[in-house]
Amino acid sequence: MPTFSALAQQMLEAALAASQTILAHYQSHITVARKEDGSPVTAADAAGEAVIIERLRGLNIPVLGEESVAAGKIPTLGERFFVVDPLDGTKEFIKRNGEFTVNIALVEDHIPTHGVIIAPAMNTAYYGGPEGAFKSIIVDAQFGQWTPIATDPQMGCKIVASRSHAHGAIKYFLDEAGPCEDVSVGSSLKFCLVAEGAALHYPRFTPTCEWDIAAGHAILAQAGGALIEANGGPMRYGKTEVDFLNPYFAAAASPAHAQECASIMRQALEKAR
Ligand SMILES: Nc1ncnc2c1ncn2[C@@H]1O[C@H](COP(=O)(O)O)[C@@H](OP(=O)(O)O)[C@H]1O
Ligand SMILES: [Mg+2]
């Protein structure tokens, strides 16, 4: 059982509280609204983010939250800031297939050093930080035992892809990668599958924002994996100038696999043109 730092404990408790709030919405009627960009949003998104901001307030670290940004509230980001997606996989939440997550990351010097992901409807939590990478089952709204997780770079080819945001290049990726199993799942759970050794590659060919990936990036990195831009360079956070939009990226079970994944992505994108 890891001894979590006070900071990690606060992040975990904030995510757990938001997860309970979101579950209450999930178990009652879900009303769907549309954001300016046409993407769906529910009352659970805002309620979850409010709970997280409240719980993290005492730390005096700026919070970059998906819903706050959508409402025009962008904090001044210093060297250290939280990145929050209270409800990633809103489409899955609305479809009620359970594949949605609460995400909190701490970014330091442009890199996510701590990450928490909870899948409320699956009673599953993941953490990655200086203590290592761990998974826990939630019982009676409490974390159970934390067990270490690790990627499996030796496994056969298995890729995870978005359930709701497909791109034509995936087909070419599979052609290039050779025999490869292909699994679709919603939200940041894709990072968790790679982090716990259940998938090898997560090539992302459709847009994401920093809050969609920061927590997953931290967990994956601590579990032995890596996330890089599809061009092969490091993924950096705090990209205010591009509204926190990420370039396409490659996440995989090791730094070498991430480079391989990115290289196959570039070939696939070339073919898809
Ligand atoms: N056109 C776009 N621009 C920016 N982000 C997008 C996007 N289309 C989808 N996304 C992001 O992809 C996330 C869903 O990922 P996935 O398809 O892997 O489940 C969404 O998270 P939310 O559900 O939090 O809005 C959303 O932020
Ligand atoms: Mg999201």
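Note that the structure is a prediction, hence the values are computed from the model and not measured.

## Notes on the overall build of the protein chain
A count of helices and strands for the protein chain gives eight helices and 15 strands. A compact globule built from 273 residues would reach a C-alpha radius of gyration of about 19 Å, and the protein chain, at 17 Å, matches this within 12%. Seen along its three principal axes, the alpha-carbon backbone of the protein chain occupies a region of about 45 × 45 × 35 Å. Per-residue burial over the protein chain gives 53% buried out of 273 residues. Considering only intrachain contacts with a sequence separation of at least 6, the fraction spanning at least 24 residues in the protein chain is 62%. Side chains of the protein chain carry 20 positive and 30 negative charges; the gap between the two charge centres is 4 Å.

## Overview of the UniProt feature "binding site: substrate" (unreviewed entry) in the protein chain
The feature "binding site: substrate" (unreviewed entry), as given by UniProt, occupies Glu66, Leu87, Asp88, Gly89, Thr90 and Asp212 in the numbering adopted here. For the annotated residues, spread through 147 residues, the largest C-alpha to C-alpha distance comes to 12.4 Å, consistent with a single compact locus. Taken from the residues named earlier, the lining of the largest pocket is made up of Glu66, Leu87, Asp88, Gly89, Thr90 and Asp212. For Gly89, the location among the structural elements is in the loop between strand S4 (80-88) and helix H4 (90-95). Looking at Gly89, the relative accessible area reads 13%, which means it is buried. Among all residues touching Gly89, those that are not within four sequence positions of it are Glu99, Phe100 and Ser187. With respect to the helices and strands, Thr90 occurs in helix H4.

## Digging into the site of ligand 1
Residues in contact with ligand 1 amount to 17 residues; listed here are only the nearest, Ser162, His165, Ser187, Lys190 and Arg204. In the model, an oxygen atom of ligand 1 is placed 2.6 Å from a nitrogen or oxygen of the Ser162 side chain. Here Asp212 contributes a side-chain N or O atom positioned 2.8 Å from an oxygen atom of ligand 1. Considered on its own, ligand 1 offers 570 Å² of accessible surface; in the complex 79% of this is hidden by protein. No other element matches the three residues that S4 contributes to the shell around ligand 1. Across the shell around ligand 1, the residue classes break down as four nonpolar, seven polar and six charged. There are two domains that each give the shell around ligand 1 at least three residues, and those are domain 1 (6-148) and domain 2 (158-272).

## Thoughts on the coordination of the magnesium ion (ligand 2)
Taken together, Asp85 (OD), Asp88 (OD) and Asp212 (OD) make up the full set of protein donors to the magnesium ion (ligand 2), lying 1.9 to 2.2 Å away. Between consecutive donors of the magnesium ion (ligand 2), the numbers of intervening residues give the motif D-x2-D-x123-D. Here Asp88, found in strand S4, pairs with Asp212, found in helix H7 (residues 210-222); they are 124 residues apart in sequence, far enough to count as distant. Residue Asp212 is classed as buried on the basis of its relative accessible area, which comes to 17%.

Calculation notes
- Residues numbered from 1 in each chain as written.
- Chains lettered and ligands numbered in written order.
- Predicted model: local features only at pLDDT ≥ 70, side-chain atom pairs only at ≥ 80, totals over all residues.
- Heavy atoms only, no water.
- Helix = DSSP H or I, 4+ residues; strand = E, 2+ residues; numbered from the N terminus.
- Rg over C-alpha atoms; globule rule 2.2 N^0.38 Å.
- Buried < 20%, exposed > 50% of the residue type's maximum accessible area, 1.4 Å probe, protein only.
- Contact = heavy atoms within 4.5 Å.
- Lys, Arg positive; Asp, Glu negative; His and termini not counted.
- Charge placed at Lys NZ, Arg CZ, Asp CG, Glu CD.
- UniProt positions renumbered as here; feature names shortened; annotations may be inferred.
- 1 Å grid on protein atoms, 1.4 Å probe; cavity = no way out; pocket = protein on both sides within 12 Å on 5 of 7 lines; lining within 4 Å.
- Near = heavy atom within 4 Å.
- Polar contact = N/O pair within 3.5 Å; in protein donor to acceptor, adjacent residues only side chain to side chain.
- Areas by Shrake-Rupley, 256 points an atom, 1.4 Å probe, with all protein chains shown as cover.
- Nonpolar A, V, L, I, M, F, W, Y, C, P; charged D, E, K, R; others polar.
- Domains from an automatic or database assignment.
- Donors = N, O, S within 2.8 Å, 3.2 Å for Na, K, Ca; no water.

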